[in-house]
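Summary of structural features
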Amino acid sequence: MSHINKLLDMNGCATAPAKVILFGEHSVVHGTPAIAVALNLRSRAHVQVEKSDSPQLTVKSPVMGLEISFSSERLNALGRSALDTNPTPLDPIALAFCHVLRSTKTKGLRATLTIDSEIPIGAGLGSSASVATSSVGAFLSALNGEIDSLQVREIAFKSEELTHGKPSGIDNTVIALGGLVYFIKGQAPERKELSAEIPLVIANTQIPRSTATLVSNVAALFKRKPKAIQYLFDSISDIVEQGLQALLKNDLEDLGELMDINHGILHALGVSHPLLDRYVWIAREGGALGAKLTGAGGGGCMIALAEDAQHADEIKQDLIKAGADAFTSVLTNKGVETC
Ligand code: MEV
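Residues numbered from 1 in each chain as written. Predicted model: local features only at pLDDT ≥ 70, side-chain atom pairs only at ≥ 80, totals over all residues. Heavy atoms only, no water.

**Observations concerning the site of the ligand**
What surrounds the ligand is a group of 13 residues, the closest being Lys-19, His-26, Pro-167, Ser-168 and Asp-171. For the ligand, an oxygen atom lies 2.9 Å from a polar atom in the backbone of His-26. Between the ligand and Ser-168 there is a distance of 2.5 Å, counted from an oxygen atom to a side-chain nitrogen or oxygen. Out of a free accessible area of 300 Å², the ligand has 96% covered by protein chains. Where the shell around the ligand is concerned, the elements lending two or more residues are β1 (11-23) and α5 (170-177). Residue composition of the shell around the ligand, grouped by class: 7 nonpolar, 3 polar and 3 charged. For the shell around the ligand, the two domains that each supply at least three residues are domain 1 (2-192) and domain 2 (199-330). (Near = heavy atom within 4 Å. Polar contact = N/O pair within 3.5 Å; in protein donor to acceptor, adjacent residues only side chain to side chain. Areas by Shrake-Rupley, 256 points an atom, 1.4 Å probe, with all protein chains shown as cover. Helix = DSSP H or I, 4+ residues; strand = E, 2+ residues; numbered from the N terminus. Nonpolar A, V, L, I, M, F, W, Y, C, P; charged D, E, K, R; others polar. Domains from an automatic or database assignment.)

**Some points on the side chain of Ser-130**
For Ser-130, the location among the structural elements is in helix α3 (residues 127-144). Residue Ser-130 is classed as buried on the basis of its relative accessible area of 0%. When neighbours within four sequence positions are excluded, Ser-130 is seen to be in contact with Ala-16, Pro-17, Ser-43, Ile-119 and Ile-175. (Buried < 20%, exposed > 50% of the residue type's maximum accessible area, 1.4 Å probe, protein only. Contact = heavy atoms within 4.5 Å.)

**Thoughts on the pattern of salt bridges**
Using the criterion set out here, one finds 7 salt bridges in the structure. For Asp-260, the salt bridge is made with Arg-284, and the minimal N-O distance between the two is 2.8 Å. Here Asp-260 is found in helix α8 (residues 252-268), whereas its partner Arg-284 is found in helix α9 (residues 274-285), with 24 residues between them in sequence. For Asp-260, a relative accessible area of 24% translates into the label partly exposed. (Salt bridge = Lys/Arg side-chain N within 4 Å of Asp/Glu carboxyl O.)

**Some thoughts on the layout of surface pockets**
Reported here for the second largest pocket is a volume of approximately 260 Å³. Around the second largest pocket sit 15 residues that line it, and Arg-153, Glu-154, Ile-155, Phe-157 and Lys-158 are the ones nearest its centre. The dominant element in the lining of the second largest pocket, judged by the number of residues it contributes, is helix α4 (residues 149-164), at 6 residues. Residue composition of the lining of the second largest pocket, by class: 3 nonpolar, 8 polar and 4 charged. (1 Å grid on protein atoms, 1.4 Å probe; cavity = no way out; pocket = protein on both sides within 12 Å on 5 of 7 lines; lining within 4 Å. Points joined across faces, edges and corners; volume = space filled by probe spheres on them.)

**What about the domain arrangement of the chain?**
Split into domains, the chain comes out as domain 1 (2-192) and domain 2 (199-330). Overall, the association of domain 1 and domain 2 removes approximately 2600 Å² of surface from exposure, summing both partners, and the carbon and sulfur fraction of that is 72%. When the buried surface of domain 1 facing domain 2 is broken down by residue, Phe-23, His-26 and His-30 rank first, second and third, together holding 27% of it. At the junction of domain 1 and domain 2, the tally comes to 1 salt bridge. (Buried area = accessible area lost by both parts, 1.4 Å probe.)

**A look at the packing of helix α1 (residues 72-79) against helix α2 (residues 91-103)**
Packing of α1 against α2 leaves a shortest axis separation of 9 Å and a crossing angle of 85°. Considering their axes alone, α1 and α2 lie roughly perpendicular with respect to each other. For the pair formed by α1 and α2, the contact residues are Arg-74, Leu-75, Leu-78 and Gly-79 on the first element and Asp-91, Ala-94, Leu-95, Phe-97, Cys-98 and Arg-102 on the second. The class makeup of the residues in the contact of α1 with α2 is 6 nonpolar, 1 polar and 3 charged. (Axes fitted to C-alpha atoms, helices over the stretch in contact; angles between N-to-C directions. Parallel < 35°, antiparallel > 145°, perpendicular 65-115°, else oblique.)

So this is what it looks like as structure tokens:
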């Protein structure tokens, strides 16, 4: 039976955080573990729904300067993965809408969704996964009055597949659940509450890049040099296990050292960038305990670990003096939430 008859609210609203991968990006796509934490920059989605004979959706993104309406034909084609012409940047959100309708067995619904986000786009901080997650949360809260973060995570993954090709699922997982997540592709994630502060500095190179391209470059390199790259993946696996122990003990020196090694391996995998390396060195010379690129690399963001908040601020100032868009981060245990 359709859920449309038991609509609790004609509005839905949800917010979702950004994310930082501490260890294990790229190798996670190939089955090794990774660790990510939720970052308190948030996206917010608000939806108004009404009954309709057939599904229709308008998505407004003032930040991207976009407003796109999806007819029921277009939504049907998207839902059947049959839309191969004229893709729009908001297709992943429309696909999420199709999957929400499917999973809640809702037939006709006209929805207008407005999304807003303070997360830099394409910078390795999970902006696409956050916007997909808050959108799914808003749709589900309008339909059900409440949201289940695991259901949101699952549906948001469909959007991530459309955006990134073959993502591991770590971004939408940590963004939906919040806190710290130990993640292996295809397995149930292990979520832990963040108890101690992890004083991170983030510097955005503002160099645009495509996660899908970087992931496929690493896959191609793995194909060409399977033995050498497998060694690197195994090494990252070990870093992740040690990193988890260091996090649990709040051993920041150990964490920093592991971050440095992980960055070296990501460089060897071909996903660093001269500006990322420069920011890594500025942070280290400014006293960071460790620094690495985060996310897909090729541009995007660098993260540096400081001893404490005061040192984090000093490292941030050094990076800003060098022209970086740098900020200190606040991590969060809050994943997707209604608003
Ligand atoms: C992107 O945030 C992290 C990558 O490992 C890709 C993925 O896990 O899907 C590069």
